[in-house]
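Structural overview for review
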Amino acid sequence: MTDEHPTHGLRRNLTHYGDPDFALYLRRSFARSMGYSVELLERPIVGIAQSGSGFNNCHRNMPELVDATRRGVLAAGGLPLDFPTVSLGETFLSPTSLMFRNLMSMDVEEMIRAQPMDAVVLIGGCDKTVPAQLMGAASADLPAIQLVTGPMLAMDYRGERLGACTDCRRFWARYRAGELSERQIDDVEGRLATTAGTCAVMGTASTMACIAEALGMSLPGTAAIPAVHADRLRAAEASGARAVALARGGLRPSQIITAQSVENALRVLLAVGGSTNALIHLTAIAGRLGIDVSLQRLNVLSDETPVLVDLKPTGVHYMQDLFAGGGLDAVLWELRDLLHLDCPTVGGETLRERLQEPPDYVDRNIVRSRDNPVSVAGGLVALFGSLAPGGAIMKRSAADSRLFEREGRAVVFKGLEDLAARIDDPDLDVTADDFLVLQRAGPRSASGMPEAGYLPIPRKLAQAGVKDMVRISDARMSGTAYGTVVLHVTPDAESGGNLALVQNGDRIRLSVKDRALELCVDEVELARRRHHVPPPQRPSRGYAKLYAEQVLQADAGCDFNFLRQTPL
Ligand code: FES
């Protein structure tokens, strides 16, 4: 009963009963119980990894995307079989979604590997879902296409447009400064996120959509299509159809995600003024295929790659404007002399073939030309020094450059609880020239590296009109946030990094020009303080235990060591 194609379709990954013929007979019987004809069951199978959830507003359009993908698969001669995976709704997870990204990646990898499919369409969108899907697909290394749910629309509100989530923070900062009443902030709350889709700015979700396309893992021109646009459904249909071609012997992720395509993705990350989180995710995706992302190399690329896209939080526009203004094609065209053009894509063409012709239309308010960039250097910069021997990241494109070269007095918060308890204390000894330092919010902390690096301006300073301060932590920051915020300090405090040793009143030197972050305390004193650092508390069971034992630092993408192609 077995045939000459034992690894295709339903014959793939047979359940082990000690009798392959029986396993196939039983599988077919059970598949027929779902009403499929024998003819359909002979087709190549395209799995559709869907991540819809009642806890994920950003995936509200998942059912219609799955339907459209199925339509594309069927029309192209395949059999679509969708399956659920973990879903990560950014604002619904505690302590933070990043902690569960690796769990989702394992789910995706193992379900691709265990079930009988010849190719897979991965449908995700919210911040951690796309990296989790790409990490899982890279490890499973079955032909795969990434489809994103697409960004929300920004909507008109009292003479301006509002979109999650840069505006969420802007209004919250105004509320904290006493500029908005309870009634006004309540009204805004209902107007920030009003359609299906992911955050409307160049936050982590949008950045990851651009990165997926720049890597070659999404169909060309699909990253910026709004969630509610009919083109989003056409992109799903086309992804389904393309997956059938891949199922018949197409490229695998390891042939698409290469050192060259990762560098292309880094260029795009810098040029779009993308999220700091995306650097962690791209590093983790690359690590699944044995590719290292070096922060020193990031700095070289950042100096050569201008910010071209004028979207919040770096600029003023929204993802729907990028879609209408030329999309990622316009960005890639501007960057073409900096890109590795021979990289293949899931669409079947190389980047060079894709970029044969200039885009038909580019709105230069949204995608600037190389000779008139938003800023001449890339959005992200890595800092090194005694406070961050393994590096720290700053999104300079969304920061106040007047704060880039200075030395400041440390005002230290020992963790998230301490921050919450004291940041608004009227007696807090703090001035606008001080550096706010948050400890124990890194990858190995119990909070799993939350997006707490965007420390609020102490209320008394906010009310006095202070808009930005230097803030330093081992935490992350939302891709939609802005400010002079130094993040991902490595090694983190929980792992014994020098960040754990900073005390109130210490001097810290920040120099973006010199790429420097120095704790101005001598080694003898640091050694004395290290002696008094309490040992970390570790979880005793379950996923939290696995996470605490295996999670790597930010410079290794916060992946689990055993999931990397080459463990460290
Ligand atoms: Fe899902 Fe922003 S909360 S993309």
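Residues numbered from 1 in each chain as written. Predicted model: local features only at pLDDT ≥ 70, side-chain atom pairs only at ≥ 80, totals over all residues. Heavy atoms only, no water.

**Topic: the packing of aromatic side chains**
Across all of its chains, the model carries ten aromatic pairs by this definition. Ring centres of Trp172 and Tyr175 lie 4.9 Å apart, and the angle between their planes is 45°; on these two criteria the pair is classed as tilted. Remark: Tyr175 and Trp172 occur in helix H6 (residues 166–176); sequence separation between them is three residues, near one turn of the helix. Under the relative-accessibility criterion, Tyr175 is labelled buried at 19%. (Phe/Tyr/Trp six-rings, centres within 6.5 Å; stacked < 30°, edge-to-face > 60°. Helix = DSSP H or I, 4+ residues; strand = E, 2+ residues; numbered from the N terminus. Buried < 20%, exposed > 50% of the residue type's maximum accessible area, 1.4 Å probe, protein only.)

**What about the confidence of the model for the protein chain?**
Per-residue confidence for the protein chain gives a mean pLDDT of 96; residues scoring 70 or more make up 99%. The low-confidence segment residues 1–5, where pLDDT is below 50, has eight contacts with residues more than four positions distant or belonging to other chains. (pLDDT = per-residue confidence, 0-100. Contact = heavy atoms within 4.5 Å.)

**Notes on a nonpolar patch on the surface**
The grouping of Tyr17, Phe22 and Tyr25 at the surface amounts to a nonpolar patch, some 330 Å² of accessible area in total. If you trace the backbone, Tyr17 turns up in the segment before helix H1 (20–32). (Patch = residues over 30% accessible without salt bridge, like charges linked within 9 Å, V, L, I, M, F, W, Y side chains within 5 Å. Areas by Shrake-Rupley, 256 points an atom, 1.4 Å probe, with all protein chains shown as cover. Salt bridge = Lys/Arg side-chain N within 4 Å of Asp/Glu carboxyl O.)

**Examining empty space enclosed by the protein**
Within this structure, the stated rule accounts for two cavities of 30 Å³ or more. In this structure, the largest cavity occupies an estimated 80 Å³ of space. Taken together, Leu279, Ile280, Thr283, Leu295, Gly391, Ala392, Ile393, His488, Thr490, Ala554 and Asp555 make up the full set of residues lining the largest cavity. For the lining of the largest cavity, the secondary structure elements donating two or more residues are helix H12 (276–287), strand S8 (388–395) and strand S12 (485–490). Taken together, the residues of the lining of the largest cavity sort by class into six nonpolar, four polar and one charged. What lines the second largest cavity is simply Gly125, Val148, Gly150, Pro151, Thr198, Ala205, Ser206, Ala209, Ala223 and Met319. It is helix H8 (residues 204–215) that provides the largest number of residues to the lining of the second largest cavity, a total of three residues. Of the residues contributing to the lining of the second largest cavity, the split by class is six nonpolar, four polar and no charged. (1 Å grid on protein atoms, 1.4 Å probe; cavity = no way out; pocket = protein on both sides within 12 Å on 5 of 7 lines; lining within 4 Å. Points joined across faces, edges and corners; volume = space filled by probe spheres on them. Nonpolar A, V, L, I, M, F, W, Y, C, P; charged D, E, K, R; others polar.)

**Re the pattern of salt bridges**
According to the stated counting rule, one finds 49 salt bridges in the structure shown. Residue Glu90 pairs with Lys128 through a salt bridge whose shortest N-O separation is 2.9 Å. Linking Glu90 in the loop between strand S2 (79–84) and helix H4 (98–114) with Lys128 in the loop between strand S3 (119–124) and helix H5 (129–140), this pair joins segments that are 38 residues apart in sequence. Owing to a relative accessible area of 17%, Glu90 belongs among the buried residues under this scheme. A salt bridge links Arg471 to Asp468; its shortest N-O distance comes to 2.7 Å. With relative accessibility at 14%, the residue Asp468 sits in the buried group. Salt bridges sharing common partners tie together Glu90, Asp127, Lys128, Glu451 and Arg476.

**Points about the packing of H5 against H8**
As a packed pair, H5 and H8 sit with axes 9 Å apart at the nearest point and diverge in direction by 30°. Taken together, the axes of H5 and H8 are roughly parallel relative to one another. In the packing of H5 onto H8, the handedness of the crossing is left-handed. Contacts between H5 and H8 pair Val130, Pro131 and Leu134 from the former with Met208, Ala212 and Leu215 from the latter. Its residues assigned to classes, the contact of H5 with H8 comprises six nonpolar, no polar and no charged. (Axes fitted to C-alpha atoms, helices over the stretch in contact; angles between N-to-C directions. Parallel < 35°, antiparallel > 145°, perpendicular 65-115°, else oblique. Left-handed = near helix turned anticlockwise from the far one by under 90°.)

**Description of helix H13 (residues 295–304)**
Where H13 is concerned, the buried positions are Leu295, Leu298, Asn299, Leu301 and Ser302. For H13, the angular spread of the buried residues around the axis is 165°, confining them to a single face. For H13, the elements touching its buried residues are helix H11 (259–271), H12, strand S7 (380–385) and S8. N-cap assignment for H13: the residue whose side-chain oxygen lies 3.2 Å from the backbone N of Gln296 is Ser294. (Arc of directions from axis to C-beta. Polar contact = N/O pair within 3.5 Å; in protein donor to acceptor, adjacent residues only side chain to side chain.)

**Section: the sheet that holds strand S4 (residues 144–148)**
Judged by pairing direction, the sheet is parallel, and its four strands sit side by side in the order S2-S1-S3-S4 without closing on themselves. At either margin of the open sheet sits one strand with a lone partner, and together these are S2 and S4. Mean inter-strand twist for the sheet, computed between neighbouring axes without regard to direction, equals 20°. For S3 and S4, the ladder comprises five bridges, and the chain directions are parallel. The partner of Ile123 across the bridge, within S4, is Leu147. Sitting on the sheet, H5 is in contact with strand S1 (45–50), S3 and S4, with an inclination near 165° to S3. Of the strands in this sheet, S1, S3 and S4 touch helix H9 (residues 230–247), which is tilted by about 175° from S4. (Pairing = 2+ DSSP bridges.)

**A closer look at the nonpolar core**
In this structure, Ile112, Leu215, Ile257, Leu279, Leu298 and Leu322 are the most contacted members of the largest nonpolar core, which totals 115 residues. Apart from residues lying up to four places away in sequence, Ile257 is in contact with Ala138, Leu215, Met217, Val262, Ile285, Leu289 and Ile291. Leu387, Ala388, Leu403 and Val437 belong to the second largest nonpolar core, which has 29 residues in total. (Core = buried A, V, L, I, M, F, W, Y, C linked by side-chain atoms within 4.5 Å.)

**Thoughts on the state of the cysteines**
One pass over the structure, following the stated rule, counts one disulfide. In this model Cys165 forms its disulfide with Cys168; the gap between the sulfur atoms is 2.2 Å. Between Cys165 and Cys168 the sulfur-sulfur dihedral comes to about -105°; the bridge is accordingly left-handed. (Disulfide = S-S within 2.5 Å.)

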